[in-house]
Amino acid sequence: MSKNFVQELQWRGMVHDVMPGAEEHLMEEMRAAYVGIDPTADSLHIGHLVSVMMLRHFQLAGHKPYALVGGATGMIGDPSGKSAERNLLDEKTLRHNQEAIKSQLSRFLDFESDEPNAAVLVNNYDWMKDFTFLEFIRDVGKHITVNYMMAKDSVKKRLSADAKEGMSFTEFTYQLVQGYDFLYLYQHHDCTLQMGGSDQWGNITTGTELIRRIGGGKGFALTCPLITKADGTKFGKTEGGNVWLDAERTSPYKFYQYWLNTSDEDAEKYIKIFTFLTQQEIEELVAVHKEAPHERALQRKLAEEVTTMVHSKEDLDNAIKASDILFGKSTSEDLKGLNEKTFLDVFEGVPQAQVSREELQPGLDMIGALAAKTSFLSSNGEARRELKQNSISVNKEKVTEDYLITEADLINNKFVLLQRGKKNYFVLVVD
């Protein structure tokens, strides 16, 4: 193999632990590796992105990536770092989620190629569903001692005095089920490496142990650090919850904003992990950023690269346009180009008032729009004053007291944006 996969991940800060011999093993010939993905939703979120990027780098280095959708394990729940058990899924939901996840993964991994290293999606439910409990404890369980399982950090945490709840037998056996996945992929797909977050090390090494004891072979483990934020808050979370890859769950505008708002310290770390820019490109960018941090060159590039990769160039352009509406010079045409979801995202938290469509028929006068009907400004007198001072805009364009708001002003046939000065916004919602 020409490209050193482990070295590529190392300079990007994407290696937490790697089993001795893994690097040499990967340099010998094309190998297969997998990452497990939990299918409890029909979209990935940016917490999944690190392991997806690992698979992408793996394929770029000439190796064969497997994405394992944990249909069976998703029905159980994973003890590592999770204090509560997950909800169980039925098979129909599972299949729907699997298809949605595959379509998102295909933006990163090449499933369609005729090359020998084309990506493959597998679901552990397919080999676990007909495996009886008695067969499992006979063929798999007897090879691993309880002492071995108890020594794992993920188990210790749940059994410690601090843990609020005990650990169910189901969760306790999770590492055996995940370990069996590795053995199965080793035996049926010649898969010799499992990758995941550093909290998965215990489960992955149980798999290498089963490969040694039952398969008589050697499996390898590689984990990446859990992504953190410099300020201690959780990566990939906002007040509204997860940052999803699905545009219906997290709009491209909000997605773009999430990356744009990262701190300098985090942006320097994330641009190595979440983009395919080269080491030289990143070093040059960091140097530019340090010269003029206020211009946020790192954050802009990071947000552009990730938004284009997950969504599209068009979505990125729209997100930048939407961002400019709040912070830059934009026109009523730009506003009217926003779809309803993006408009509401951009002006989230901005006060609103409802007016009826009938009121727009003759035209709504500015005093009514600013004060009498909406209370955007405290009185008709204040409204007149602000209009005289030329500080009121309708849809980003300055207006005078004799302006009338009509249906022609509607954005998405529903909204009108009022503004006083640069920073004060108000949304009229027409019903």
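Residues numbered from 1 in each chain as written. Predicted model: local features only at pLDDT ≥ 70, side-chain atom pairs only at ≥ 80, totals over all residues. Heavy atoms only, no water.

Enquirer: Now, about the sheet that holds strand β3 (residues 64-69): what can you tell me, with residues and values included?
Expert: Taking strand neighbours across the sheet as the criterion, the six strands line up as β1-β6-β5-β2-β3-β4 in an open arrangement whose pairing is mixed. Whereas interior strands pair on both sides, the edge strands pair on one side only; in this sheet they are β1 (17-18) and β4 (120-123). Contacts between helix α4 (residues 91-105) and the sheet are confined to β2 (32-37), β3 and β4, with β4 contributing the most and set at about 160 degrees to the helix. Against the sheet, helix α10 (residues 174-189) engages β2, β3, β4, β5 (191-197) and β6 (220-224), with an angle of about 145 degrees to β5. (Pairing = 2+ DSSP bridges. Helix = DSSP H or I, 4+ residues; strand = E, 2+ residues; numbered from the N terminus. Contact = heavy atoms within 4.5 Å. Axes fitted to C-alpha atoms, helices over the stretch in contact; angles between N-to-C directions.)

Enquirer: Explain the packing of helix α13 (residues 264-273) against helix α15 (residues 297-310) to me, using residue names and the numbers behind them.
Expert: Between α13 and α15, whose axes approach to 9 Å, the crossing angle comes to 45 degrees. Classified by the angle their axes make, α13 and α15 are oblique. Considering the relative orientation of α13 and α15, their crossing is left-handed. On α15, the residues touching D264, A267, E268, Y270 and I271 of α13 are L298, Q299, K301 and L302. Looking at the contact of α13 with α15 residue by residue, the classes come out as five nonpolar, one polar and three charged. (Parallel < 35°, antiparallel > 145°, perpendicular 65-115°, else oblique. Left-handed = near helix turned anticlockwise from the far one by under 90°. Nonpolar A, V, L, I, M, F, W, Y, C, P; charged D, E, K, R; others polar.)

Enquirer: If you had to explain the sheet that holds strand β12 (residues 397-398) to someone new, which residues and values would you point to?
Expert: Pairing in this open sheet of five strands is mixed, and the strands run β9-β15-β14-β11-β12 from one edge to the other. Strands at the two margins of the open sheet, each flanked by one partner only, are β9 (352-355) and β12. Here β9 pairs with strand β15 (residues 424-430) via four bridges, running parallel. Its bridge partner lying in β15, Q354 is registered against V429.

Enquirer: Can you explain the nonpolar core? Please cite residues and give values.
Expert: Counting residues in each nonpolar core, the largest one holds 89 residues, and the members touching the most others are M195, W259 and F274. Among the elements that line this core, the one with the most residues is α10, at eight residues. If you count residues domain by domain, this core takes at least three from each of domain 1 (5-224) and domain 2 (237-328). The contact partners of M195, leaving out residues within four places of it in the chain, are F5, A33, Y34, V35, M54, L55, F58, I204 and L222. M366, L377, A383 and L418 belong to the second-largest nonpolar core, a separate cluster that totals 23 residues. (Core = buried A, V, L, I, M, F, W, Y, C linked by side-chain atoms within 4.5 Å. Buried < 20%, exposed > 50% of the residue type's maximum accessible area, 1.4 Å probe, protein only. Domains from an automatic or database assignment.)

Enquirer: Account for helix α11 (residues 201-213), naming residues and giving values.
Expert: One turn of an α-helix holds 3.6 residues; hence residues three or four places apart share an orientation. Here α11 contains 13 residues, and its C-alpha end-to-end distance of 18 Å stays within 8% of the 18 Å for a straight helix at 1.5 Å per residue. Here α11 has its buried residues at G202, N203, I204, T205, T206, G207, T208, E209, L210 and I211. (Expected span 1.5 Å × (residues − 1).)

Enquirer: Help me get a handle on the packing of aromatic side chains, residues and values and all.
Expert: Enumeration according to the criterion identifies 20 aromatic pairs in this entry. Ring centres of W127 and Y184 lie 4.2 Å apart, and the angle between their planes is 15 degrees; on these two criteria the pair is classed as stacked. In this pair, W127 sits in helix α5 (residues 125-128) while Y184 sits in helix α10, placing the two residues 57 residues apart along the sequence. Classification of Y184 as buried rests on a relative accessible area of 18%. Here the aromatic cluster, defined as three or more aromatic residues joined through ring pairs, consists of F235, F255, Y258, W259, Y270 and F274. In this structure, K218 packs its charged tip against the face of F220, placed 5.0 Å from the ring centre. Here the guanidinium or amino end of R249 rests over the ring plane of W244, the centre of that ring lying 4.3 Å away. (Phe/Tyr/Trp six-rings, centres within 6.5 Å; stacked < 30°, edge-to-face > 60°. Lys NZ or Arg CZ within 6 Å of the ring centre and 35° of its normal.)

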